[in-house]
Amino acid sequence: MRYAVAAADHGSFRGAAETLKVQQVTVSRCVRQLEQTIGTRVFDRYSGGVRATQFGQTFLRVARSILEQADSLVNSGRMTGRGESGRLAIGFFTSISAGNLLASLVEYTQQFPQVDIEMIERSRDRLTTALRNRAVDAAIVTGERALPGAKSMPLWSERILAVLPENHRLVESQTVSWTDLSGETLLLGRRDPGPAIHECLIAKLMSPEDRPKIVWHDATRETIKSLVGARPGIGLTLESSLGTSCDGVVYREIQDGAGSTRIGLSVNWRADNESPALANFLKLLKQR
């Protein structure tokens, strides 16, 4: 079919052979075999070249469509094999309103616009199950400890910020120390990064008497920020949350004697996941 279409485009077997970089006799023989297979002539031959028969015109119109679809399938397969198309499901347990994760997603979509990305927000336990069931290709969570049954790569770290009501006494300072939290009511979410921040709080304020009163909520960090603006209490979050605005709250960096307090993030994936799209995503994260 490809030889026949080329012959029709050039009006001769010679022109088709030159374009396809094969011998003229090869084009002539293949077209003859094609006509024998379908049982009728596709071309009328004459001294100056070839001309499609009435049936040949219909046949060549369908043949072009078939060849275009075949070429599209081959190209799609090659792109999928290189990770340039397909699907990538990313589970996350952190904010994507700002910061490195958002920047990484933007860069990935620019490099691989044909890859369909699905973002899935789940708790740490549910992301572990999703990885095991192949519902997600990669899971990004706080902490550098690998999820059960997964491979892990440490990523960047983010500063811990205090979320304060705009009229709170600590707003007057440019930074907040861990000891400043003593006597305060601290609103924490049971979802990430709440548990990781709580571990950091325990490590920084070892004496229970120095710790704030903690009120747990089964809510996202965005909801916690809204609660801070609506009721007495302060919140703690990571700097990637700065991408979402909330009326009535002010952010201050948490510091100790060594400077900023940071929490690391990691990406987790199944060792037997051979998705080229995942491989390209992990390569980009490693570069960043």
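Heads up: the structure comes first, above all this text.
Criteria and cut-off values
Residues numbered from 1 in each chain as written. Predicted model: local features only at pLDDT ≥ 70, side-chain atom pairs only at ≥ 80, totals over all residues. Heavy atoms only, no water. Helix = DSSP H or I, 4+ residues; strand = E, 2+ residues; numbered from the N terminus. Rg over C-alpha atoms; globule rule 2.2 N^0.38 Å. Contact = heavy atoms within 4.5 Å. Areas by Shrake-Rupley, 256 points an atom, 1.4 Å probe, with all protein chains shown as cover. Lys, Arg positive; Asp, Glu negative; His and termini not counted. Charge placed at Lys NZ, Arg CZ, Asp CG, Glu CD. Expected span 1.5 Å × (residues − 1). Buried < 20%, exposed > 50% of the residue type's maximum accessible area, 1.4 Å probe, protein only. Salt bridge = Lys/Arg side-chain N within 4 Å of Asp/Glu carboxyl O.

(A) Representation of the overall build of the chain. A count of helical and extended segments in the chain gives nine helices and 13 strands. The C-alpha radius of gyration computed for the chain amounts to 31 Å, which surpasses the reference 19 Å derived for 288 residues by more than 25%, pointing to a less compact arrangement than a globule. On the principal axes, the C-alpha backbone points of the chain span a range of 100 × 40 × 30 Å. Within the chain, residue pairs in contact and separated by at least 24 positions form 71% of the contacts whose partners lie at least 6 positions apart. Per element, the accessible surface of the chain, about 15,300 Å² overall, is 47% carbon and sulfur. Seen as two clouds, the 36 positive and the 31 negative side-chain charges of the chain have centres 10 Å apart.

(B) Fine view of helix 3 (residues 24–38). In this model, helix 3 (15 residues) spans 22 Å end to end at C-alpha, consistent with the 21 Å of a helix rising 1.5 Å per residue. Within helix 3, the full set of buried residues consists of Thr26, Val27, Ser28, Val31, Leu34 and Glu35.

(C) Molecular detail of the pattern of salt bridges. For the structure shown, the criterion picks out twelve salt bridges. Among the salt bridges present, the one from Asp272 reaches Arg134, with a minimum N-O distance of 2.8 Å. Placement of the pair is Asp272 in the loop between strand 13 (262–269) and helix 9 (276–287) and Arg134 in the loop between helix 6 (124–132) and strand 5 (138–142), with a sequence separation of 138 residues. Here Glu184 and Arg169 are joined by a salt bridge, their closest N and O atoms 2.9 Å apart. Taken as a pair, Glu184 in the loop between strand 7 (175–177) and strand 8 (185–189) and Arg169 in the loop between strand 6 (151–165) and strand 7 lie far apart in primary sequence, 15 residues in all. Assessed through its relative accessible area of 13%, Glu184 is described here as buried. Since its relative accessible area comes to 48%, Arg169 is described here as partly exposed. The structure contains a network of salt bridges with shared partners spanning Arg159, Glu239, Glu253 and Arg262.

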